[in-house]
Amino acid sequence: MIPLYGESRWLNQGLPSLLTAAAQVKGSTLLIGVVNRHELSKLEVREDNQLTLDHFKFFPQTPIPDFPLMTLVELNSQVDLILLNHNEEPHLFSSKEGVGKARKLGCDLALALSTTPTLSVKYIHTTDGDAIVAPDYFSMEINFDSDVLLHPYLHVGDYEQMEALRLYEFSLRHYVAGLKFAGSPYAHESLGSTIAIKPHCYAAVRGFPKRNAAEDFYLLNKAVKTGSLYQSEQGLVRLVGRESRRVPFGTGVGTEKIWQKLVHHQVPTFYHPNCFEITKNVCAALEQWSQNLESSPNRKEITRTIRGSIEIKDLERLENILDQLGFFTILETAKKQRKSPEAILKHSHESWDGFKTLKFIHGLREYFFPEVTLEEARKWPPSAAIPLLKTTV
């Protein structure tokens, strides 16, 4: 499915790439596009959305009974498109919903259709209007059976903010590299444009949240707890760089923040590697706790094992950060509710999840380890091999 918010240029690059990918697989392919805007959207978004809707008037269309907002469009003999039209009153989104609701509507529809005998669905793919997919985008799924597949991605393009986008992509990969180093089960990319998820897993986590941003992060944060995830090297998704402020955070806003630093001759910075060194100690503490016979955690002792390069005089602050995030309660509850070491560890990781890990790292950044420059970040071995993207499509 594809959320389309002022994305008429999808017709020129994104859609043709999906049609090419669909031609590589046997059988038919169903695309779902959710054309949307909210009550605070500018007039130009409405007009751009209408360009998208008007484009498909030249294709055979079939209204869907009982669903006036949906239209079935026959793109060719192998590919159909269901368009959901949320471009006019009274069907506009709330400004607090945005892309999360668009993804949810499209993927919920795909889930419902997957239960019918006429449609066989192995994975529900979700991408974006700025995405150009590789020819093996759909065909790659036959090689895997994980509950969640993540397509590889690359930001491309050539526009004013490209240097900022180059650094923003590094920041994403730097964070994932850090979590991999730490041994966190949440060491994965979280881009909505790269997700493929099995219907049963999507249903188990109750789909995308209706958020205006980070809907991908929250979906995957729950999916990792209920199923398996695999980062594929096939089915590349190229994300074309462009200015965007449609969500309060994410690629567009993250790039803009770095761009403003560059414009004002400030140095962009990235998470300090020590944040990941200490996160690794946290993961080790969870492992150790699952193996020992204690029922009540010794907070100060555990904090000392986690502290890494944090000075002894600052242990109380570190203990407070852990306590505020519920770390010690998680340890105690895991022992009470689970018996085997494997079950205790699984429970602990499900509670100390990707969201808590991110907040913990932010706490370390605020109180102990300020961010470092690109050069310093790339000196750290796990991030040294991260490529810096090129600037052409």
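Computed from a prediction, not measured in an experiment: that's the story for all the values here.

Notes on the sheet that holds strand S8 (residues 148-150)
Strand order in the open sheet made by the 4 strands is S6-S10-S8-S11, with mixed pairing throughout. Edge positions in the sheet fall to strand S6 (124-126) and strand S11 (229-231), since each has one partner strand and no second. Across the sheet, the mean angle separating the axes of adjacent strands is 15 degrees when strand polarity is ignored. Bridge count for S8 against strand S10 (residues 195-197) is 3 bridges, and the pairing is antiparallel. In the strand pairing of S10, Leu-149 is matched with Ala-196. Helix H6 (residues 215-226) rests against S8, S10 and S11 of the sheet, and its axis sits at about 40 degrees to S10.

Comments concerning the sheet that holds strand S7 (residues 131-133)
Within a sheet, adjacent strands bond to each other through the backbone by hydrogen bonds, running parallel or antiparallel. Within the open sheet, the 3 strands sit side by side as S7-S12-S9. Their pairing is mixed. Each end of this open sheet is capped by a strand with a single partner; those strands are S7 and strand S9 (153-156). The mean inter-strand angle of the sheet, taken between neighbouring strand axes irrespective of direction, is 25 degrees. Of the pairings in the sheet, the one linking S7 to strand S12 (residues 237-240) comprises 3 bridges and is antiparallel in character. By the bridge assignment for S12, Val-133 is matched with Val-237.

Observations concerning the nonpolar core
Soluble globular proteins: nonpolar side chains tend toward being buried together. Ranked by size, the top nonpolar core spans 38 residues in total, and within it Trp-10, Leu-18, Leu-31, Phe-56 and Leu-75 carry the most contacts. The greatest single-element share of this core, amounting to 6 residues, is contributed by helix H4 (residues 162-182).

Concerning the confidence of the model for the protein chain
On average, the protein chain scores 93 in pLDDT, and the residues at 70 or more come to 96%. In the model, residues 245-249 has pLDDT below 50 throughout and makes 16 contacts with residues more than four positions away in sequence or in other chains.

Thoughts on the layout of surface pockets
In this structure, the second largest pocket spans a volume of roughly 880 Å³. Along the wall of the second largest pocket there are 35 residues; nearest its centre are Ser-28, Thr-29, Leu-30, Leu-119 and Val-121. Counting only elements with at least two residues in the lining of the second largest pocket, the list comes to strand S2 (29-36), strand S4 (70-74), strand S5 (79-86), helix H3 (99-114) and S6.

A closer look at the pattern of salt bridges
Applying the stated rule across the entire model yields 19 salt bridges. We note a salt bridge from Lys-104 to Asp-108, for which the minimum N-O separation is 3.3 Å. In this pair, Lys-104 and Asp-108 both sit in helix H3, 4 residues apart, roughly one turn of the helix. Given the relative accessible area of 17%, Lys-104 is considered buried. Asp-108 gets classed as partly exposed once you look at its relative accessible area, which sits at 28%. Between Asp-353 and Lys-225 there is a salt bridge, and its shortest N-O distance comes to 2.9 Å. Linking Asp-353 in the loop between helix H12 (341-351) and helix H13 (354-367) with Lys-225 in helix H6, this pair joins segments that are 128 residues apart in sequence.

Focus on H6
Across its 12 residues, H6 extends 17 Å between first and last C-alpha, which sits within 8% of the 16 Å expected from 1.5 Å per residue. When we look at burial in H6, the residues that qualify are Glu-215, Asp-216, Phe-217, Leu-219, Leu-220, Asn-221, Ala-223 and Val-224. Where H6 is buried, its residues meet H3, S8, S10, helix H5 (199-204), S11 and H13.

A closer look at the side chain of Glu-141
Counting through the fold element by element, Glu-141 comes out in the loop between S7 and S8. Despite its burial, Glu-141 remains without a salt bridge, the nearest opposite charge being carried by Lys-122 at 5.8 Å. Every residue in contact with Glu-141, bar those within four places of it in the chain, is listed here: Lys-122, Tyr-123, His-125 and Leu-149.

Thoughts on the side chain of Asp-128
Structurally, the position occupied by Asp-128 is in the loop between S6 and S7. Judged by its relative accessible area of 8%, Asp-128 is buried. Within the structure, Asp-128 has its side chain in polar contact with the side chain of Arg-103 (distance 2.7 Å).

Quick notes on helix H1 (residues 14-22)
Buried within H1 are the following residues: Gly-14, Leu-15, Ser-17, Leu-18, Ala-21 and Ala-22. Down the axis of H1, the smallest arc covering the buried residues is 160 degrees, so these residues share one side. Residues of H1 that are buried make contact with strand S1 (2-4), S2, S5 and S7.

Describing empty space enclosed by the protein
Per the counting criterion, the structure on display carries 2 cavities of 30 Å³ or more. Counted by class, the lining of the second largest cavity contains 4 nonpolar, 3 polar and 2 charged residues.

Thoughts on the environment of Thr-279
Tracing the sequence through the fold places Thr-279 in helix H8 (residues 273-291). For the pair Thr-279 and Thr-329, spaced 50 residues apart in the sequence, the C-alpha separation amounts to 18 Å. In contact with Thr-279, not counting residues within four places along its chain, are Leu-179, Ala-182, Thr-357, Phe-360 and Ile-361. A polar contact of 2.7 Å, which involves the side chain of Thr-279, links it to the backbone oxygen of Cys-275.

Rules used in this analysis
Note on numbering: residues in each chain are counted from 1, in written sequence order. In keeping with the predicted nature of the model, local features appear solely for residues at pLDDT of at least 70, side-chain atom pairs appear and are counted solely at 80 or more, and the whole-chain, interface and lining totals rest on all residues. To get the side-chain values, all heavy atoms of the structure are used, and hydrogens and water are removed first. Here, any two strands with at least 2 DSSP bridges between them count as paired. Helix and strand assignments follow DSSP, with helices taken as H or I runs no shorter than four residues and strands as E runs no shorter than two, numbered in order from the N terminus. Between N-to-C directions, angles span 0 to 180 degrees; the directions come from axes that are lines fitted to C-alpha atoms, helices contributing only their stretch in contact. Here, two residues are considered to be in contact whenever any of their heavy atoms come within 4.5 Å of each other. We call a set of buried residues a nonpolar core when its members are Ala, Val, Leu, Ile, Met, Phe, Trp, Tyr or Cys and they connect through side-chain atoms within 4.5 Å of each other. Exposure is judged per residue with a 1.4 Å probe applied to protein chains only, and the accessible area is read against the type maximum: over 50% gives exposed, under 20% gives buried, and values in between give partly exposed. As a per-residue measure, pLDDT tells how confident the predictor is, with possible values from 0 to 100. The distinction between a cavity and a pocket rests on a 1 Å grid over the protein atoms alone: a 1.4 Å probe fits inside a cavity but cannot get out, while a pocket stays open yet meets protein on both sides within 12 Å along at least five of seven lines, and a residue with an atom within 4 Å of a point counts as lining. Grid points are joined across faces, edges and corners, and a volume is the space filled by probe spheres set on the points. In what follows, salt bridge is the name for a side-chain nitrogen of Lys or Arg lying within 4 Å of a carboxyl oxygen of Asp or Glu. Take the residue count of a helix, subtract one, and multiply by 1.5 Å to get its expected span. Within this scheme the basic residues Lys and Arg register as positive and the acidic residues Asp and Glu register as negative, but His and the chain ends are omitted. Each polar contact in these results corresponds to two N or O atoms within 3.5 Å; when the atoms are within protein, one needs to be able to donate a hydrogen and the other to accept it, and residues that are neighboring in sequence are counted only if both atoms are side-chain atoms. Directions pointing from the helix axis toward each C-beta atom define the arc. Residue type decides the class: Asp, Glu, Lys and Arg count as charged, Ala, Val, Leu, Ile, Met, Phe, Trp, Tyr, Cys and Pro as nonpolar, and the leftover types, Gly among them, as polar.

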